[in-house]
Amino acid sequence: MNYIPELYRFLEQVERNNNREWFQDHKQEYDRLRALWLDDLQRLIDLMAQGDPSLRGCTAKQAAYRFYRDTRFSQDKSPYKTFFSAIITPYGKKDMRACYYLQMGLNRPDRDIQSGVYGGIWWPDSATLRKLRHAIVDNIEEFTAINDAPAMQREFPGWAGSSLKTIPKGWPKDHPQADLLKLKDIAKAHYLDEKFFCRKNWVERTAEMFLILKPLNDFINYSIDE
């Protein structure tokens, strides 16, 4: 049974009725859909672990983010998300290393992060970002080979995240890697819609895309750990 269309209809209902009373009345439906999605997420992780052994032992329960929004510092007080998401990494959710990120749900133009598969590092602190900039410049041939690989260019062309308008201080304005040095996130994204996730093979296809990102994640993480 393909439950994904039903999951999307449920998320649309959450968007229209984003309050605790409605959600409690539909909690049984949420629990059933969440359990099915977690089963698929575990299957995805297990497939990825065949190509990235560091993921062996990772579980869907550890990877999945809560459906409940943290509204403490947000003007939007709606209590529930309209997507399911997970961070797939052996380091844990709070570790600031490169990872794999999955988001499935409603895409909206005002949302910073859309449904899809993501890799790399997002929002690194200034010290980590400085270290990565030097690692990229010092190993530019390796980094270029990773980025220019045919599969990477097919599925993840360009860079996701944000960039500085000007080259960071301490680097010449005409530096040959100026565009890379301006990156604030060293990250990739392949945005996907409901049609993709409704395919019967979405788990297998997503695992294939994630593993394309492994060399980039590896480069970032061993550069941080050096």
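These lines cover the structure that appears in this document, whether it is placed above or below.

Calculation notes
- Residues numbered from 1 in each chain as written.
- Predicted model: local features only at pLDDT ≥ 70, side-chain atom pairs only at ≥ 80, totals over all residues.
- Heavy atoms only, no water.
- Phe/Tyr/Trp six-rings, centres within 6.5 Å; stacked < 30°, edge-to-face > 60°.
- Helix = DSSP H or I, 4+ residues; strand = E, 2+ residues; numbered from the N terminus.
- Buried < 20%, exposed > 50% of the residue type's maximum accessible area, 1.4 Å probe, protein only.
- Lys NZ or Arg CZ within 6 Å of the ring centre and 35° of its normal.
- Lys, Arg positive; Asp, Glu negative; His and termini not counted.
- Salt bridge = Lys/Arg side-chain N within 4 Å of Asp/Glu carboxyl O.
- Polar contact = N/O pair within 3.5 Å; in protein donor to acceptor, adjacent residues only side chain to side chain.
- Pairing = 2+ DSSP bridges.
- Axes fitted to C-alpha atoms, helices over the stretch in contact; angles between N-to-C directions.
- Contact = heavy atoms within 4.5 Å.
- Arc of directions from axis to C-beta.
- Core = buried A, V, L, I, M, F, W, Y, C linked by side-chain atoms within 4.5 Å.

## Looking at the packing of aromatic side chains
- Counted by the stated rule, this structure contains 23 aromatic pairs.
- Both rings, one in F10 and one in Y30, keep their centres 6.3 Å apart while their planes meet at 35 degrees; by these two values the pair is tilted. Taken together, the residues span a long stretch of sequence, with F10 in helix α1 (residues 4-16) and Y30 in helix α3 (residues 27-51) at a distance of 20 residues. Across the pair, exposure class does not vary: F10 and Y30 are buried alike.
- Between Y30 and F84 the ring centres are 6.2 Å apart and the planes differ by 85 degrees, which places this aromatic pair in the edge-to-face class. Taken together, the residues span a long stretch of sequence, with Y30 in helix α3 and F84 in strand β1 (residues 83-88) at a distance of 54 residues. For the pair shown, Y30 and F84 are each scored as buried.
- Over the ring of Y91 we find R97, and its NZ or CZ is 4.7 Å from the ring centre.
- Between the NZ or CZ atom of K188 and the centre of the ring of W159, over which it lies, the distance is 4.0 Å.

## Looking at unusual backbone geometry
- Located in the positive-phi region is W123, a residue other than glycine, with phi close to 55 degrees.
- Its place among the elements puts W123 in the loop between β3 (116-121) and α5 (126-138).

## Let's talk about the side chain of K188
- One can find K188 in strand β4 (residues 186-191).
- This buried residue, K188, is left without a salt bridge; D148 holds the nearest opposite charge, at 7.5 Å.
- Reaching out from K188, the side chain makes a polar contact with the side chain of N147 at a distance of 2.6 Å.

## Looking at the sheet that holds β1
- An order of β1-β2-β3-β4 is seen for the 4 strands of this open sheet, with the pairing classed as antiparallel. Strand pairing shows two members of the sheet lacking a second neighbour, β1 and β4, which therefore form its edges. Neighbour-to-neighbour, the strand axes of the sheet open up by a mean angle of 15 degrees, direction not taken into account.
- Across the sheet, α1 touches β1 and β2 (99-105), and the angle it forms with β2 is around 75 degrees.
- Sheet strands touched by helix α10 (residues 202-212): β1, β2, β3 and β4. Its angle to β2, the strand with the most contacts, is close to 145 degrees.

## Let's talk about helix α6 (residues 140-148)
- Of all the residues in α6, the buried ones are F143, I146 and N147. For α6, the angular spread of the buried residues around the axis is 95 degrees, confining them to a single face.
- Contacts from the buried residues of α6 go to α5, α7 (150-155), α8 (178-181), β4 and α11 (214-225).

## A word on the pattern of salt bridges
- Under the criterion given, the structure shown has 12 salt bridges.
- D70 is paired through a salt bridge with R72; the nearest N and O atoms lie 2.7 Å apart.
- For R72, a relative accessible area of 61% puts it in the exposed group.
- In this structure, a network of salt bridges that share partners links the residues R154, E155, R205 and E208.

## With respect to the nonpolar core
- W37, L41, I88 and L102 are the most contacted members of the largest nonpolar core, which has 59 residues in total.
- Apart from residues no more than four positions distant in its own chain, I88 is found in contact with L41, L44, I45, M48, L55, A63, C99, Y100 and F210.
- Y101, Y118, W122 and A160 belong to the second largest nonpolar core, which has 7 residues in total.

## Here's the deal with the pairing of β3
- Burial analysis of β3 places 6 of its 6 residues in the buried class, the great majority of the element.
- By the alternation rule, side chains of β3 split into G116, Y118 and G120 and V117, G119 and I121, which are all buried.
- Taken together, the 5 bridges between β2 and β3 define a ladder with antiparallel strand orientation. Bridging across to β3, Q103 finds its partner in G116.

## So, the environment of A151
- As for its position among the elements, A151 is in helix α7.
- Sequence separation between A151 and G170 is 19 residues, and the spatial gap between their C-alpha atoms is 34 Å.
- Among all residues touching A151, those that are not within four sequence positions of it are F156 and I212.

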